[in-house]
Amino acid sequence: SQTIHQWPATLVQPVGSPLSLECTVEGTSNPNLYWYRQAAGRGLQLLFYSVGIGQISSEVPQNLSASRPQDRQFILSSKKLLLSDSGFYLCAWSVGKETQYFGPGTRLLVL
Amino acid sequence: AQKITQTQPGMFVQEKEAVTLDCTYDTSDPSYGLFWYKQPSSGEMIFLIYQGSYDQQNATEGRYSLNFQKARKSANLVISASQLGDSAMYFCAMREGWYNNNDMRFGAGTRLTVKP
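Residues numbered from 1 in each chain as written. Chains lettered and ligands numbered in written order. Predicted model: local features only at pLDDT ≥ 70, side-chain atom pairs only at ≥ 80, totals over all residues. Heavy atoms only, no water.

### A word on the interface of chain A and chain B
Facing the 23 residues of chain A at the interface are 24 residues of chain B. Taken together, chain A and chain B are joined by 4 residue pairs in polar contact (both at pLDDT 80 or more). Residue classes in the side of chain A that touches chain B are distributed as 11 nonpolar, 7 polar and 5 charged. (Contact = heavy atoms within 4.5 Å. Polar contact = N/O pair within 3.5 Å; in protein donor to acceptor, adjacent residues only side chain to side chain. Nonpolar A, V, L, I, M, F, W, Y, C, P; charged D, E, K, R; others polar.)

### Comments concerning a nonpolar patch on the surface
Among the surface-exposed residues, Val12(A), Leu109(A) and Leu111(A) lie close enough to one another that they form a single nonpolar patch of about 280 Å² accessible area. Along the chain, the position of Leu111(A) falls in the segment after β11 (106-110). (Patch = residues over 30% accessible without salt bridge, like charges linked within 9 Å, V, L, I, M, F, W, Y side chains within 5 Å. Areas by Shrake-Rupley, 256 points an atom, 1.4 Å probe, with all protein chains shown as cover. Salt bridge = Lys/Arg side-chain N within 4 Å of Asp/Glu carboxyl O. Helix = DSSP H or I, 4+ residues; strand = E, 2+ residues; numbered from the N terminus.)

### Structural notes on the nonpolar core
Ranked by internal contacts, the top residues of the largest apolar core, which has 24 residues, are Tyr25(B), Trp36(B), Ile49(B), Leu77(B), Tyr90(B) and Leu112(B). Counting residues per element, the ones that place at least two in this core are β3 (19-21), β5 (32-39), β6 (46-52), β8 (64-69), β9 (74-79), β10 (88-96) and β12 (110-115) of chain B. Looking at this core, the element that brings in the most residues is β10(B), giving 4 residues. Residue contacts for Tyr25(B): discarding those within four places in its chain leaves Lys3(B), Ile4(B), Tyr32(B), Leu34(B), Phe68(B), Gln69(B), Lys70(B), Lys73(B), Ser74(B), Ala75(B) and Met94(B). Counting residues in each nonpolar core, the second largest holds 20 residues, with Leu11(A), Leu21(A), Phe48(A) and Leu81(A) among its members. (Core = buried A, V, L, I, M, F, W, Y, C linked by side-chain atoms within 4.5 Å. Buried < 20%, exposed > 50% of the residue type's maximum accessible area, 1.4 Å probe, protein only.)

### Some words on the pattern of salt bridges
Tallied over the entire structure, the rule returns 5 salt bridges over all chains. With a closest N to O distance of 3.2 Å, Arg105(B) and Glu59(A) form a salt bridge. Placement of Arg105(B) in strand β11 (residues 104-106) and of Glu59(A) in the loop between β6 (55-58) and β7 (64-70) is noted, with the two residues assigned to different chains. Residue Arg105(B) is classed as partly exposed on the basis of its relative accessible area of 33%. Across the salt bridge formed by Lys3(B) and Glu96(B), the nearest N and O atoms sit 3.3 Å from each other.

### Describing the sheet that holds strand β1 (residues 3-7) of chain A
All names here are of chain A. Judged by pairing direction, the sheet is antiparallel, and its 4 strands sit side by side in the order β1-β3-β8-β7 without closing on themselves. The open sheet has two edge strands, β1 and β7, and neither has a second partner. On average, adjacent strands in this sheet sit at an angle of 20 degrees to one another, irrespective of strand direction. Across 6 bridges, the pairing between strand β3 (residues 19-26) and strand β8 (residues 73-78) is antiparallel. Among the inter-strand pairings, Glu22 is bridged to a residue of β8, identified as Ile75. (Pairing = 2+ DSSP bridges. Axes fitted to C-alpha atoms, helices over the stretch in contact; angles between N-to-C directions.)

### Remarks on the pairing of β5(B)
Residues and elements named next belong to chain B. For β5, the tally of buried residues reaches 8 of 8 residues, placing the bulk of the element in the interior. The side-chain alternation of β5 yields two buried faces, one formed by Tyr32, Leu34, Trp36 and Lys38 and the other by Gly33, Phe35, Tyr37 and Gln39. In terms of strand pairing, β5 meets β6 through 6 bridges, oriented antiparallel. Considered in β6, the bridge of Tyr37 is made with Phe47. A loop of 6 residues connects β5 with β6, the two strands running antiparallel in sequence, and Gly43 in this loop sits at a positive phi of about 105 degrees.

### Some remarks on the environment of Leu44(A)
All names here are of chain A. For Leu44, the location among the structural elements is in strand β5 (residues 44-52). For Leu44, a relative accessible area of 10% translates into the label buried. Separated by 42 residues in sequence, Leu44 and Ser86 place their C-alpha atoms 14 Å apart.

### Notes on the side chain of Thr28(A)
Checked against the element boundaries, Thr28(A) lands in the loop between β3 and β4 (32-38). Excluding residues that lie within four positions of it along the chain, Thr28(A) makes contacts with Gln2(A), Arg72(A), Trp93(A) and Val95(A).

### Overview of the layout of surface pockets
Its volume calculated, the largest pocket comes out at about 410 Å³. Among the secondary structure elements, those contributing two or more residues to the lining of the largest pocket are β4 and β5 of chain A together with β1 (4-5) and β11 of chain B. Across the lining of the largest pocket, the residue classes tally to 8 nonpolar, 7 polar and 5 charged. Estimates place the volume of the second largest pocket at around 270 Å³. Surrounding the second largest pocket, 17 residues form its lining, Gln38(A), Gly41(A), Arg107(A), Gln39(B) and Arg111(B) being those nearest its centre. Tallied by class, residues from the lining of the second largest pocket come to 7 nonpolar, 7 polar and 3 charged. (1 Å grid on protein atoms, 1.4 Å probe; cavity = no way out; pocket = protein on both sides within 12 Å on 5 of 7 lines; lining within 4 Å. Points joined across faces, edges and corners; volume = space filled by probe spheres on them.)

If you want it as structure tokens, here you go:
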């Protein structure tokens, strides 16, 4: 069966520091991968999606970037965090256009 | 314009009763999919149920059913026999089109509280 992992689970970072969040998927090949952000008490905002290695599409221009160095690995990065980057970051996978399945999420607090 | 609208920020239901969570959507694409997710306090988004725009029958998954009214563009989630563990945020989402991979849009969510 497929599983999706995210780490770290919780992160507290100072403003201006770099960020690296990792997402890995097991049990499937060539999945579509997604990064979402959820502000407190709000819905999900799609940040990036990837249909294959090295293929990244950005939905929202910002100081975040994403990379997919391996088929089942998706990384969310920033060179300098802003206060507004605080939130709950969720990674998801799907096979083509089928249902998206989410990881456990990373809570990021930028101080 | 909002693609997905959930008009109920919060809902209360008595344990063992049924509850309906509202969702309306906006699309001009004839091919789309509708999803409901549950988000408990732990944060993980749990997939509940899916309805395709061409599906003739309403989707059901255990205690969850989707009241799909295509002409009204509504896709309400019905939870029967509510349990305390059903207390969570519930999100409606829509995926438009057939070839795009990036078009899952989420509503703002409804917080459901089940009372004992």
